[in-house]
Every structure is written in structure tokens, then in C-alpha cells.
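Residue-level structural notes
Okay, here's what each chain looks like letter by letter:
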Amino acid sequence: MHSKFQDSPNVNWFSFPRKKEDEPNFPNVIKTFMGRDALNIYLWNIKQKRETLTALIPAYICKEVPDQFKRNSIDIKYYDLKNFQITVNDIKSSLDKSIDIFYFVHYFGIYQKNIKEIIKTVKNINPNAIIIEDRAHYLSDKYILPEVDAVIYSFRKLLPIPEGGGIYSKQKLTYQKKPRLYSNFLVSLVLLKKKIFGHNPKFSRSNVMKDTLKPSNELLLPSSFSEKVINQYNIEEEIQFRRKLFYLWKENIEELGIKPVFKELSEKDIPQGFPIYVDNAQHFFENMLKKGIFLKRHWELPKYIEKVAPFSYNLSNKIITLPIYKGIENRNVIFLKNLLK
């Protein structure tokens, strides 16, 4: 396995650029063990006030998100995506007064340009609709709109840590903290899994730490190490690095005639990776894995989604993400470029 190409940016654990300011990063965010823990605790809280809730969520999403809605007995409706910038037309056919929660994602760290118009459309139909923003791919607590009720983070997708998520909420949340000793033990399982199985999706963090999917207000904290990294990491330096590496991938990939999903960055964009279009994502993934290269699929959707959201399902079979994180350098980009030839 080529060591630079991993399933996440945690190739440089215990070595990270620290910021100079004393105030911790994301001061208004409750840090959690994983992003799904953050989403669960928020859904548990809002479910205490309403027995029946229906959420409109994107069909193009990792499976842990709908799992948390199901865990809290919240009904789900999916909206389809023609590309990764959501439009009002994408949600119109699924939007009605029955929708209590609207959920959206900044895919690959690219900020949703139409989100103000979309939230306004949702609120026009149901003024009391709860808006949940997913920043699992977006490393910033800036640009949060007043209409947004909660923001979900998954720091381990973006920082050199084995786990770590978070929740920002406008309402005060009720929860019971589990002892951090438990989190520290679970991290040891993650490290053991990585050592034994390497980059094997069958032994993902979600599967290693699979819960019973029963409603609960127990909150699992991040490990001591991961919380320290989240709080002290030099975020601004990381953002500049990510934007620079985005354009390095763009320059090299376009020379091969490969089509990138995003060609330019706006001021708000913080690329999580560099997604490209391929003919068959699974075939591409498997061929690269045989060559010792692990490239992420965001995400492989279940077959039943094809009938519910055909555009999203088609996208999921054509997207491979090239890595953007510390450890990837110009020579690594050239190495992969030559391999792709």
C-alpha cells in the first residue's frame, strides 16, 4: 500500500501545525466522538418535543446519516441531486407541509451557493421547519446563516485524528456524558483495526463501533488526544494548504483529459478532496487498490436509491475522490498522474 494514499487524513497523527491563539477552535461546538454521535444527540433532543417528525435529506449521503434519523424514529424523505450544488428544483417535488426537518451538505467542502434561496423556499412552506447543516466535509465555523438551527461536524475526515465530530446548536441540548476513558479505549480499537486490516471498508470506524441504534441521550466525547488536536490545530494554514493542493490536482488531472467535479473555488470553499468523474467508480476503485492505492468513494449508495433518486445513484457510480490532506505533496500528485496514464 502506497503510504501517502489513505482512507482519511490521519497519516500524520501526533504531528500537526498549532495555532498561536489561546482560544480553542470551534468554541461554540460541542465536541463528540464521531459526527454521527453529534447528529444523534441533536435529533434525540428535538424528538422530545415532537412525537412525529419527517425529515427531507439528500439521497446522496453516507449511510450513517439516515441511520441516525431511523434510530430516533424520524421519517425520511429523500431529494435527488443532478450535481453537488443544490437548487430549488431539486427539492420542490419532495417539499410539502409535512417536512419538519431540512438537511443539506456542503459536498467535498464546496459551499452551497444557493442555500439562502433554498432555506427561504423551505420556510415559506413550513416556517417552523428545522434546518440542519452538514459540515462533515467543511472545516470552518464561519458563514453559518441565522436560519440554520444546527451544524454537524466530522473533524476526523479533515484533521489528523482517528475520530472526532461536533454539534453546534441554537437550542440548549440535554445529554449525559460518557466517561472519556471509554472514548480513549475505543480509539485504541480504531488504531488496532488500522494496523491489522488497513484500508478495508468492511472494518470501518462505524462497523468497529457499531451501536444498537436505540434512541439515547448519552454523549460519547472525543478522545483526549483528538480534542487537543481539534482545539489547537492551525485551521487557517490548513485551509490555504487545501486550496493550493486543489489547483495542483486540477492542473495535472485536466492534462489527462479527466473531468473534475469542481473546476474553481470561491472565497468560501475549503476543499475536502478533489472529486473526479470516472466511467465506473467501483471498477476504478478496485483497480487502483490492486496497485496499492486507496482512493475514497463518496459514497456508494444502496441499490434501492436508484428508484428513489436516479440522478444521485448515477453520480455515486461515477465519483472518485483524490486526496487533499497534509502528507500529499507535488511528487505524490505526479506519481498518481503517471499511474493514471
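These remarks concern the structure in this document. The shown structure was predicted, so the numbers you read here are calculated from the model rather than taken from an experiment.

To continue, consider the overall build of the chain. When its secondary structure is counted, the chain shows 12 helices and 11 strands. Since a compact globule built from 341 residues should have a radius of gyration of about 20 Å, the 19 Å found for the chain is in line with a globular shape. Along the first, second and third principal axes, the C-alpha atoms of the chain reach 55 × 45 × 35 Å. Taking all 341 residues of the chain together, the buried fraction comes to 58%. For the chain, long-range pairs separated by at least 24 residues make up 73% of all intrachain contacts whose partners lie at least 6 apart in sequence. In the chain, the 55 positive side-chain charges and the 37 negative ones have mean positions that sit 3 Å from each other.

On to the pairing of strand β7 (residues 165–169), then. By the criterion of burial, β7 is predominantly enclosed, with 4 of the 5 residues buried. Relative to β7, strand β1 (residues 30–32) runs antiparallel, the two sharing 3 bridges. What sits directly across from T32, in β7, is G165. Where strand β6 (residues 150–153) lies against β7, 4 bridges are found, and the strand directions are antiparallel. Its bridge partner being in β7, A150 is matched across the sheet by S169.

Counted under the stated rule, the structure contains 17 salt bridges. The salt bridge partner of E264 is K250, with a shortest N-O separation of 3.9 Å. Of this pair, E264 sits in the loop between α8 (235–255) and β10 (273–277) while K250 is found in helix α8, placing the two residues 14 residues apart along the sequence. Classification of E264 by relative accessible area gives exposed; the value is 51%. Here K250 falls in the buried class, since its relative accessible area comes to 15%. A single salt-bridge network, built from bridges that share partners, covers E237, E238, R242 and K326.

What follows deals with unusual backbone geometry. For the peptide bond that leads from H298 to W299, omega is -15 degrees, which places it in the cis range. For W299, the location among the structural elements is in the loop between α9 (281–290) and α10 (305–308). In this model, S73 sits at a positive phi of 55 degrees, which is unusual for a non-glycine residue. In the Ramachandran plot, F108 falls in the positive-phi region, its phi being about 55 degrees despite a non-glycine side chain. Mapped onto the elements, F108 comes out in the loop between β4 (101–105) and α4 (115–125).

Before going further, it helps to spend a moment on the nonpolar core. Grouped together as the largest cluster of nonpolar side chains are 104 residues, with contacts concentrated most on F69, Y103 and W249. The biggest single contributor to this core is α8, with 8 residues. Each residue touching W249, except ones within four places of it in the same chain, is listed here: F5, F274, L322, P323, I324, I328, V333 and L336. Counting 5 residues, the second-largest nonpolar core is a separate cluster that includes M34, L186, V187 and L220.

Turning our eyes to something else, we now look at the environment of I57. Take I57: it is sitting in strand β2 (residues 54–58). A relative accessible area of 0% places I57 in the buried class. Sequence separation between I57 and Y78 is 21 residues; the distance between their C-alpha atoms is 5.1 Å.

Definitions and cut-offs
Residues numbered from 1 in each chain as written. Predicted model: local features only at pLDDT ≥ 70, side-chain atom pairs only at ≥ 80, totals over all residues. Heavy atoms only, no water. Helix = DSSP H or I, 4+ residues; strand = E, 2+ residues; numbered from the N terminus. Rg over C-alpha atoms; globule rule 2.2 N^0.38 Å. Buried < 20%, exposed > 50% of the residue type's maximum accessible area, 1.4 Å probe, protein only. Contact = heavy atoms within 4.5 Å. Lys, Arg positive; Asp, Glu negative; His and termini not counted. Charge placed at Lys NZ, Arg CZ, Asp CG, Glu CD. Pairing = 2+ DSSP bridges. Salt bridge = Lys/Arg side-chain N within 4 Å of Asp/Glu carboxyl O. Core = buried A, V, L, I, M, F, W, Y, C linked by side-chain atoms within 4.5 Å.

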